[in-house]
Amino acid sequence: MTDRLRPLISAGRIKKRVAELARHISDDHRGAPLTLVIVLKGATVFAADLMRRIDTPFIIDFVRASSYGKAARSSGAVALADDEKLDIAGHHVVVVEDIVDTGLTITALIAALEKLGPESVDVCTLLHKHVDGAKPVAIRYKGFDIPDEFVVGYGMDYAEKYRNLPGVFRLKLAD
Ligand code: IMP
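Computed from a prediction, not measured in an experiment: that's the story for all the values here. (Residues numbered from 1 in each chain as written. Predicted model: local features only at pLDDT ≥ 70, side-chain atom pairs only at ≥ 80, totals over all residues. Heavy atoms only, no water.)

Peer 1: Hey, could you go over the overall build of the protein for me, with residue numbers and the actual values?
Peer 2: Helix and strand counts for the protein come out as three helices and nine strands. Reading the protein from its N terminus to its C terminus gives the helix and strand order β-α-β-α-β-β-β-α-β-β-β-β. In the protein, the proportion of contacts linking residues at least 24 apart, taken out of those at least 6 apart, comes to 68%. Accessible surface, the protein: about 9100 Å² in total, of which carbon and sulfur atoms supply 52%. (Helix = DSSP H or I, 4+ residues; strand = E, 2+ residues; numbered from the N terminus. Contact = heavy atoms within 4.5 Å. Areas by Shrake-Rupley, 256 points an atom, 1.4 Å probe, with all protein chains shown as cover.)

Shown next as structure tokens:
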């Protein structure tokens, strides 16, 4: 049996929404030092599109959040991608995420970043999944709200598969 994919958000809708988010981020940060902190690996496709639409100067950096692997729930453990510290003191930081689900990952990440002395830390996520008992997270820049189903595509994976799909799909696993 093969996995079943059902379309949820088309590439066209994503493109339009990404442009709106980029305009919003640009307008909020003109004249201010801006760093995009991109969460590996799932947010890379979103971030690549987003950053090409931002029209005010910024720098980028990466962090790695612990992976789902083949599990269905995140652990919330977060680690910086390299040994080197992020140089974000005095910067307005926008964390770029693919999806906020339980909120554990982003909450841990914000706490880690805040220790580095940024001027502000805001969240930009393509998707916000609505799950019962999730941590409330303030999301300043949000692409789409989605139901509590596992999704793949546009950078998001299941066991490293499906990142290359141009849109977002619900995944039903083969039995
Ligand atoms: P959280 O800590 O539960 O909010 O999980 C956030 C992270 O888990 C995201 O950055 C994704 O990497 C991953 N994740 C959560 N839900 C999904 C999903 O439906 N598909 C793929 N990855 C997901």
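After that view, the rundown keeps rolling.
Peer 1: Pulling in residues and values, what's your account of the side chain of His29?
Peer 2: Topologically, His29 is positioned in helix α1 (residues 11-29). If sequence neighbours within four positions are ignored, His29 has contacts with Leu34, Thr56, His92, Val94 and Tyr141.

Peer 1: How would you summarise the sheet that holds strand β8 (residues 151-152) if you had to cite specific residues and measurements?
Peer 2: Read across the sheet, three strands follow the order β1-β9-β8 without closing on themselves; strand pairing throughout is antiparallel. Pairing within the sheet leaves two strands with one partner each, and these edge strands are β1 (4-9) and β8. The pairing of β1 with strand β9 (residues 168-172) spans five bridges and is antiparallel. Across the sheet, Pro7 pairs through a bridge with Phe169, a residue of β9. (Pairing = 2+ DSSP bridges.)

Peer 1: Kindly report on the environment of Leu126, identifying the contributing residues and their values.
Peer 2: Among the secondary structure elements, Leu126 is positioned in strand β6 (residues 120-129). By relative accessible area, which is 1% here, Leu126 ends up buried. With 108 residues separating them along the chain, Leu126 and Val18 place their C-alpha atoms 8.1 Å apart. Apart from the residues within four sequence positions on either side, Leu126 is in contact with Ile14, Phe46, Glu97, Asp98, Gly143, Phe144, Tyr154, Met156 and Val168. (Buried < 20%, exposed > 50% of the residue type's maximum accessible area, 1.4 Å probe, protein only.)

Peer 1: Quick rundown of helix α3 (residues 104-114)? Include the residues and the values.
Peer 2: Inspection of α3 places Thr105, Ile106, Leu109, Ile110 and Leu113 among the buried residues, and these make up the whole buried set. Projected down its long axis, α3 carries its buried residues within an arc of 125°, all on one side. (Arc of directions from axis to C-beta.)

Peer 1: Any details on the packing of aromatic side chains? Residues and values, ideally.
Peer 2: This structure, assessed with the given rule, holds one aromatic pair. Geometrically, the ring pair formed by Phe150 and Tyr158 is edge-to-face, given 6.0 Å between the ring centres and 85° between the ring planes. (Phe/Tyr/Trp six-rings, centres within 6.5 Å; stacked < 30°, edge-to-face > 60°.)

Peer 1: Tell me about the pairing of strand β2 (residues 34-40), and please be specific about residues and values.
Peer 2: Most of β2 sits out of view: six of its seven residues are buried. Summarising the sheet, β2 and strand β5 (residues 92-100) pair through five bridges and their orientation is parallel. When the sheet's bridge partners are listed, Leu36 is paired in β5 with Val94.

Peer 1: Describe in detail the pattern of salt bridges, supporting the description with residues and values.
Peer 2: In the structure shown here, the tally under the stated rule is 16 salt bridges. The structure contains a network of salt bridges with shared partners spanning Arg6, Glu149, Arg170 and Lys172. (Salt bridge = Lys/Arg side-chain N within 4 Å of Asp/Glu carboxyl O.)

Peer 1: Residues and numbers for the nonpolar core, please.
Peer 2: In terms of nonpolar packing, the biggest core is built from 28 residues, with Phe46, Leu50, Leu126, Leu127 and Val168 touching the most fellow members. Contributions of two or more residues to this core are made by β1, α1, β2, α2 (44-51), β5, β6 and β7 (141-146). Counting 18 residues, the second largest nonpolar core, distinct from the first, contains Val37, Leu86, Val100 and Val137. (Core = buried A, V, L, I, M, F, W, Y, C linked by side-chain atoms within 4.5 Å.)

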